[in-house]
Amino acid sequence: MAKRSSLSIRIVEGKNLPAKDITGSSDPYCIVKVDNEPIIRTATVWKTLCPFWGEEYQVYLSPSFHAVAFYVMDEDALSRDDVIGKVCLTRDILAAHPKGFSGWAHLAEVDPDEEVQGEIHLRLEVVRGTQACLLRCSVLEARDLAPKDRNGASDPFVRVRYNGRTQETSVVKKSCYPRWNETFEFELKEGAAEALCVEAWDWDLVSRNDFLGKGPGQLIPLIEEMTSTECRQNVATNLLKLFLGQGLAKDFLDLLFQLELGRTSEANTLFRSNSLASKSMESFLKVAGMRYLHGVLGPIINKVFEEKKYVELDPSKVEVKDVGCSGLHRPQTEAEVLEQSAQTLRAHLGALLSALSRSVRACPAVVRATFRQLFRRVRERFPGAQHENLPFIAVTSFLCLRFFSPAIMAPKLFHLRERHADARTSRTLLLLAKAVQNVGNMDMQTSRAKEAWMEPLQPTVRQGVAQLKDFITKLVDIEEKEELDLQRALSLQAPPVKEGPLFIHRTKGKGPLMSSSFKKLHFSLTTEALSFAKTPSSKKSTLIKLANIRAAEKVEEKSFSSSHVMQVIYTDDTGQLQTAYLQCKSVNELNQWLSALRKVSINNSGLLGSYHPGIFRGDKWSCCHQKDKTDLGCDKTRSRVTLQEWNDPLDHDLEAQLIYQHLLGLEAALREKHQELSAGAGAGSVPTGPGEAPEDPLAQLLQVLHDLREAHASSPAGSPPAEPTCLLPLQT
C-alpha cells in the first residue's frame, strides 16, 4: 500500500450563486479542506454570481483520509466572510470514480449545528456483577474540535445518553483539545437494542449550547491510441516525470518527436494537435522550465500589473469612459488611445524579447538539449528551402505558443502572481500574448490576416522574429559535453525549495507571547536547512538544520490573536525539542510553507506523531490546559498532507504507480489489441504462468501487469491500515 495518495483537484467555475452583499452580488472564493484541515484557497472573483476560477492543484494525502470538502465563501472586508455553501466528497465517493469525479455539484447549505469536526477518545467496557451488568463509558479526551466562540476556541463538555439516562462531563474552558478522564456507568439490560450516544457540546453562558458532534517502444503509440483525449494530459505528465526522474526525458521526447514527424505529411500541421508528443512537451516545460520562465517573464508581468494602464488596439472595443483624460484635461481621441496603447505594448514586447535574448545561459541544459533534438529532427524530416523556418517554428510552437503565451494570459496558474488579473490588466496581457504568438509564428501572413488591428505592432514583431531566430540558433547550439557540464554544475547547488518574507516570533524574557513580538525576515528553505536574513541579498544565517525538523504544523489563531501562524518543532544541538513560530501573510502561503517543510523532512528520523496546536503560556498549554510542558501533544501531526508544487522533487514511485493504475484500466483493451495483432501475425496467446517470457513488447507489458496485480493482491500491505478503535471521528 502506498504511503500516501495523490489527489488532483480542478476548481473550474460556479453559477447562480446566492447574493450575499447588499449590492445584490457576491465576492466568491473556495476553501478546500481535507478532514477539516484547510489546504487550499482560490483567488477571489469580485462582484459576480457566476465566478470562473480555473485553478488546478495536486494534493498528497495519507491513504486513510476520510473526506474532501469544498466551501464556497463570500469575502467581506469589514466582517467575517459568509459561507455560501459546500460540497463534500468522501473517500468512498472518490474510490467509486477511479477515472475521476467531474461535473457540476449542487452546493449544500451549511448548518452550523451540522458542521462538526474532530475526534473523541472513549473507552467502553462491560462490567458483569452478581445482580446486573453495567456499561462503563470513560470519556478521556477530544482533539481538533470546531472553534465555536469568538476567541477561536470552545468550552466543550460531553453528554452521554443511554437507556433513558443522560450524564455530562465537566466543562473545559477555552480549548479545542480538552481532557476529561471522567467515567460514567449505565445499567445494561439484556436484549436492549438502544445505542450509546456520545455528544460533544460547546457551553455558552448566555446563549444556547452549540452542537460540536457525536461519535459511532512500440508501446508508446499503443498507449496513445488507447488513451482518451481527456486522460492524455495526465498520462503525458506522469510518463514525462517518470522518464525525467531517470534522466531519460530527452530520449523519451525524442522518440515522441520521431513518431509525430513520421505521421505528419503537411508541414503546417506539425505539433498542432493534442498528441502525446505535444502534451508531454507542455508538461516537460512546466516541470523543467518553470524557474526559467519566472526569471524571463516575471519582471514584465509585474510591471503590467503595477502600471494598470488602459490598453486597447481594437477600435470597436475602445470605450471613452475607460480612456480618462490627458494632461490637458480634455478627453483623448480614439486615435490617441490606440497610439498610446500601441506604444505601451511595443515597450512590453520589446522588453520581453530583450530578456529572452539574454537568457540562453539561464535556460536549463536539459531543455536546451531537448530543443536541439527537436530542431534537428524537424530539419531532417523537412529539408527543403521552402521549409527553412520550420525548425524554428517547431521550437516556438512549444516555447511561445504553449508556454510563454499561456503564462502571460494566466500568470496565477503559472505561479507568477498570487491573484488573477482584473479586467483591464487581463486585456493588456491578452494583447501582449497575441503579439508573442505572432512573433512565435514567425510573422506568417495567416496570423497577420486574422486581426488587422494588430498592425501597429508589426515593426516590433518583425524585429522580434529576427531576435527570436538568433536566440533559438544559440539555444540549440549545445553539445553533449557542455550539457553534462551544466547539469553537473547545477547538481552541486542547493536551490531554494521555497523562499520569501515571514514574521518570526522573538521571545523577550518570560513575558506573555504576544502577536506584536513578531519580526519580519527573509527566509529560505533548501534541502539542507531553513535559513533567514534581513533582506533577500543579505548574508543568510541557519535557523534550523533540515535533519533536525520533527514536525511542521499550524498554530491555533487564539494563541497569538493572529492568523496564519505555523510552528516548526526541531531538536537543538543538545537533542532538546524547540519550537520556532513563523507567521505568513495568507492561508495559501501558510499551506505552501507547511507543505514544503513537510516534504523536505518526510524521511527524517524521529518525526513526531502528536503536537500541541497551542502555545505554552504561563504554566499550561493554551490548547489542552495540560501543565506539563513536555507533554506529548493533544493533536495528531499531519506530516503527509502536502501540496504538489511546480518545484517539487520528482517522486518516481508515485509516477510509476499512477501509470500502473492507468494501464490497469486499459488492460482489457490492450489484450484485445494484442489478440488482433497476434491473429494477423500467427502468434500465440499471452503467457500468464511464472517463468514464461513473451517476446513481443505488448505481451511483455501485459505479463508485467498480470504479475504486479497478483503481487499486490497477495501483499499484506494491499489493504488500508485499520483506524485506531479507541479514536472515534465525530460525525453528523
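Here's what I pulled together on the structure shown here.

About the criteria used
- Residues numbered from 1 in each chain as written.
- Predicted model: local features only at pLDDT ≥ 70, side-chain atom pairs only at ≥ 80, totals over all residues.
- Heavy atoms only, no water.
- Helix = DSSP H or I, 4+ residues; strand = E, 2+ residues; numbered from the N terminus.
- Buried < 20%, exposed > 50% of the residue type's maximum accessible area, 1.4 Å probe, protein only.
- Salt bridge = Lys/Arg side-chain N within 4 Å of Asp/Glu carboxyl O.
- Pairing = 2+ DSSP bridges.
- Axes fitted to C-alpha atoms, helices over the stretch in contact; angles between N-to-C directions.
- Contact = heavy atoms within 4.5 Å.
- Core = buried A, V, L, I, M, F, W, Y, C linked by side-chain atoms within 4.5 Å.
- Polar contact = N/O pair within 3.5 Å; in protein donor to acceptor, adjacent residues only side chain to side chain.
- Phe/Tyr/Trp six-rings, centres within 6.5 Å; stacked < 30°, edge-to-face > 60°.
- Lys NZ or Arg CZ within 6 Å of the ring centre and 35° of its normal.
- Expected span 1.5 Å × (residues − 1).
- Parallel < 35°, antiparallel > 145°, perpendicular 65-115°, else oblique.
- Nonpolar A, V, L, I, M, F, W, Y, C, P; charged D, E, K, R; others polar.
- Left-handed = near helix turned anticlockwise from the far one by under 90°.

Remarks on the overall build of the protein chain
1) Next: Counting its regular elements, the protein chain contains 18 helices and 26 strands.
2) Next: In the protein chain, buried positions account for 47% of the 732 residues.

Some words on the pattern of salt bridges
1) Next: The tally for this structure, following the rule as stated, stands at 25 salt bridges.
2) Next: A salt bridge links E37 to R638; its shortest N-O distance comes to 3.4 Å.
3) Next: On the accessibility criterion, E37 (11% relative accessible area) is buried.
4) Next: The class of R638 is buried, set by a relative accessible area of 10%.
5) Next: Residues E339 and R346 are paired through a salt bridge, measuring 3.2 Å at the closest nitrogen-oxygen approach.

Focus: the sheet that holds strand 20 (residues 577-583)
1) Next: Ordered in space as 17-16-15-14-20-19-18, the seven strands form an open sheet in which the pairing is antiparallel. Among the strands making up the open sheet, the edge pair consists of strand 17 (541-545) and strand 18 (549-554). Sheet twist, expressed as the average angle between the axes of neighbouring strands with direction ignored, equals 35°.
2) Next: Pairing of strand 18 with strand 19 (residues 565-571), which is carried by five bridges, proceeds in the antiparallel orientation. Within strand 19, the residue paired with E553 across the bridge is Q567.
3) Next: Across the sheet, helix 16 (residues 587-600) touches strand 14 (498-505), strand 15 (518-525), strand 16 (529-533), strand 18 and strand 19, and the angle it forms with strand 18 is around 160°.

Overview of the nonpolar core
1) Next: F284 and F371 are the most contacted members of the largest nonpolar core, which totals 91 residues.
2) Next: Considering every element that reaches this core, the biggest residue donor is helix 10 (residues 390-409), with twelve residues.
3) Next: Setting aside residues up to four positions removed in sequence, F284 forms contacts with L240, L244, A249, L253, G289, V366, V367 and T370.

Description of the side chain of T637
1) Next: Assignment of secondary structure puts T637 in the loop between strand 24 (635-636) and strand 25 (642-644).
2) Next: Of the polar contacts made by the side chain of T637, one reaches the backbone oxygen of L608; its length is 2.8 Å.
3) Next: If we ignore the near neighbours within four places in the chain, the residues touching T637 are A551, E553, L608, G609, S610 and Y611.

Re the environment of V367
1) Next: Here V367 shows up in helix 9 (residues 365-381).
2) Next: Sequence spacing of V367 and A249 is 118 residues, and the spatial spacing of their C-alpha atoms is 9.6 Å.

Section: the sheet that holds strand 5 (residues 67-74)
1) Next: The sheet built from four strands is open, its strands ordered 3-2-5-6 with antiparallel pairing. Sheet topology places strand 3 (37-41) and strand 6 (82-90) at the edges, where each strand pairs with a single neighbour. Sheet twist, expressed as the mean angle between neighbouring strand axes with direction ignored, is 25°.

Considerations on the packing of aromatic side chains
1) Next: Inspection of every chain in the model, using the stated rule, returns eight aromatic pairs.
2) Next: On the basis of an interplanar angle of 75° and a centroid distance of 6.1 Å, the ring pair of Y162 and F186 is categorised as edge-to-face. Placement of Y162 in strand 9 (residues 156-162) and of F186 in strand 11 (residues 179-188) is noted, with a sequence separation of 24 residues between them.
3) Next: With a centroid separation of 6.1 Å and an interplanar angle of 40°, the aromatic rings of F523 and F532 are classed as tilted.
4) Next: Its relative accessible area of 0% is what places F523 among the buried residues.
5) Next: On the basis of relative accessible area, F532 is assigned to the buried category, the value being 19%.
6) Next: A cation sits over an aromatic face here: R41 above Y29, 3.6 Å from the ring centre.

So, unusual backbone geometry
1) Next: One non-glycine residue with positive phi stands out, namely H415, at about 65°.
2) Next: Structurally, H415 is set in the loop between helix 10 and helix 11 (423-440).
3) Next: Located in the positive-phi region is H625, a residue other than glycine, with phi close to 70°.
4) Next: Counting through the fold element by element, H625 comes out in the loop between strand 23 (620-621) and strand 24.
5) Next: Overall, the relative accessible area of 23% leaves H625 in the partly exposed class.

Some thoughts on helix 11
1) Next: Its 18 residues place the ends of helix 11 25 Å apart at the C-alpha level, agreeing with the 26 Å of an ideal helix rising 1.5 Å per residue.
2) Next: By the criterion of burial, helix 11 is predominantly enclosed, with 13 of the 18 residues buried.
3) Next: In the stretch just after helix 11, M442 is the one whose phi turns positive, near 60°.

Some points on the packing of helix 3 (residues 229-245) against helix 4 (residues 249-262)
1) Next: Across the interface, helix 3 lies against helix 4 with an axial gap of 7 Å and an inter-helix angle of 135°. Classified by the angle between their axes, helix 3 and helix 4 sit oblique to one another. Taken together, the residues of helix 4 that come into contact with helix 3 (itself represented by L239, L240, F243 and L244) are A249, F252 and L253.
2) Next: Its residues placed into classes, the contact of helix 3 with helix 4 shows seven nonpolar, no polar and no charged.

Digging into helix 3
Every α-helix winds through 3.6 residues per turn, so residues three or four apart in the chain are directed the same way.
1) Next: Here helix 3 spans 25 Å end to end across 17 residues, near enough to the 24 Å set by a 1.5 Å rise per residue.
2) Next: Positive phi shows up at G247, right after helix 3, with a value of about 75°.

Details of the packing of helix 4 against helix 9
Pairs of packed helices are described in terms of their axes, by the angle between the two and the distance that separates them.
1) Next: As a packed pair, helix 4 and helix 9 sit with axes 10 Å apart at the nearest point and diverge in direction by 20°. Here helix 4 lies roughly parallel to helix 9, going by the angle between them. Relative to helix 9, helix 4 is oriented so that their crossing is right-handed. Seen from helix 4, the contacting residues are K250, L253, D254, F257, Q258 and L261; seen from helix 9, they are A369, T370, R372, Q373, L374, R377, V378 and R381.
2) Next: Residues belonging to the contact of helix 4 with helix 9 are distributed by class as follows: six nonpolar, three polar and five charged.

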